Amino acid sequence: MFDFRSSAEWSTAIPALQVAARCTEAVRTSFDPAKLDKSDKSPVTIADFGAQALILDRIKKDFPNDDCVAEEDSQDLIQAENQSLLNKLVSAVVAIDSEFDQSRILDSIDHGNHEGGDTGRIWTLDPIDGTKGFLRNDQYAIALGLIVDGELAFGAMACPNLPLQFKDPTSAVGSLFWAIKGKGAWMSPLNEVEAAKSIQVKEISDLSHASFCESVESGHSSHGHSAQIAERLGVTAPPVRIDSQCKYAAVARADASIYLRLPTRAGYEEKIWDHAAGALIVEEAGGKVSDIEGKPLDFSLGRTLKDNRGVVASNRAFHDQIIAAIKQVIST
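These notes cover the structure that comes with them. Computed from a predicted structure; not experimentally measured.

1. Describing the pattern of salt bridges
And step 1. This model, assessed by the stated rule, comprises 16 salt bridges.
And step 2. E99 is paired through a salt bridge with R104; the nearest N and O atoms lie 4.0 Å apart.
And step 3. The partner of D138 in a salt bridge is R136, with the nearest N and O atoms 3.6 Å apart.
And step 4. For R136, a relative accessible area of 35% corresponds to the partly exposed category.
And step 5. Here the residues in one salt-bridge network are E9, D66 and R121, joined through shared partners.

2. Description of the layout of surface pockets
And step 1. Each pocket or cavity is described by its volume, and for the largest pocket that value is around 1,200 Å³.
And step 2. Along the walls of the largest pocket sit 50 residues, with D40, E71, Y268, K271 and D274 positioned nearest its centre.
And step 3. At the level of secondary structure, the elements contributing two or more residues to the lining of the largest pocket comprise β4 (121–129), α6 (131–135), α8 (246–252) and β12 (258–261).
And step 4. Looking at side-chain class alone, the lining of the largest pocket contains eleven nonpolar, 16 polar and 23 charged residues.

3. As for the sheet that holds strand β9 (residues 197–198)
Within a sheet, each strand pairs with its neighbour through backbone hydrogen bonds, oriented either parallel or antiparallel.
And step 1. Read from one edge of the open sheet, seven strands run β3-β4-β5-β6-β7-β8-β9, paired in mixed fashion. The open sheet has two edge strands, β3 (67–70) and β9, and neither has a second partner.
And step 2. As paired strands, strand β5 (residues 141–148) and strand β6 (residues 151–163) are joined by seven bridges and run antiparallel to one another. Each bridged residue has a counterpart across the sheet, and for A143 the counterpart in β6 is M157.
And step 3. Seen against the sheet, helix α1 (residues 8–29) touches β4, β5, β6 and β7 (173–180) and runs at an angle of roughly 30° to β6.

4. Focus: helix α4 (residues 83–94)
And step 1. With twelve residues, α4 should cover 16 Å at 1.5 Å per step; its first-to-last C-alpha distance of 16 Å lies within 8% of that length.
And step 2. For α4, every residue scored as buried is listed here: L85, L86, L89, V90, A92 and V93. Relative to the axis of α4, the buried residues are bounded by an arc of 165° and lie together on one face.
And step 3. The inward-facing, buried residues of α4 abut α1, β1 (35–37), α2 (46–62), α3 (74–78) and α5 (102–109).

Analysis parameters
- Residues numbered from 1 in each chain as written.
- Predicted model: local features only at pLDDT ≥ 70, side-chain atom pairs only at ≥ 80, totals over all residues.
- Heavy atoms only, no water.
- Salt bridge = Lys/Arg side-chain N within 4 Å of Asp/Glu carboxyl O.
- Buried < 20%, exposed > 50% of the residue type's maximum accessible area, 1.4 Å probe, protein only.
- 1 Å grid on protein atoms, 1.4 Å probe; cavity = no way out; pocket = protein on both sides within 12 Å on 5 of 7 lines; lining within 4 Å.
- Points joined across faces, edges and corners; volume = space filled by probe spheres on them.
- Helix = DSSP H or I, 4+ residues; strand = E, 2+ residues; numbered from the N terminus.
- Nonpolar A, V, L, I, M, F, W, Y, C, P; charged D, E, K, R; others polar.
- Pairing = 2+ DSSP bridges.
- Contact = heavy atoms within 4.5 Å.
- Axes fitted to C-alpha atoms, helices over the stretch in contact; angles between N-to-C directions.
- Expected span 1.5 Å × (residues − 1).
- Arc of directions from axis to C-beta.

Read these as spatial facts, not as claims about activity.
Below is the structure:
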């Protein structure tokens, strides 16, 4: 059996995610996320910036020759001309690691400014995937992936609010997921990796037994089209709506069997950090991930999945039928 602890990437990524989760949870429970709106009107908080600084600083130290593509840019923070916000960021990070100062934090954030591509080792990070979920104390993920020569090689996610047993209200909260290309996928309690277990997608014999997982925000995926697709497939269970890449985790560990992210506007390009970690975790758990036309996601084209429309993740068994139903409902 493969020992995931022998992976240098695992040894860097998992402690970095755990430290970042300590930062994001400290900010979340402080009831003062200190947010601003970026130029695209999406919210960003000091937890987003803090998690990015902590993780990319560790990657820069352990893999100095690797490049990084991450969602946040320190210019969004600096251009806000809000010194109070910047001070709160520094305080949040220093509370986790006293060796940081403002300069190191900003430099580490901007270590994620690479443009991506099809050559070399490129880490991709979403420091808080699901910021709106984070702000309402719901689900969010800290998602870190590694792309090598354009192909997914490693993925890991910390999901601080996700129960270990999704439908059990008594279950402990805080889950950690990771996958290594060709070796499998695992999950553990957020701070107990020694309790790790391998995960597999849900085996179902009939699509009528399937369950959908989709975005909470209707702006992220078309709920109306999802309902039409479910009807065509004979799926009767109500959709499970979760923020962030936690949806990939739900499919990978058999909480749901299908995840749809359907286009909501023409010309939108999915960001690689929104899918890299989760896609590999599903695939290594035995599932399949494609766009709505059935094409593999192409992570080699820069910071976006510019050659893909939407995302479909499934337990693999009925993937072709799902794609066919999507094509009947949506003009591709």
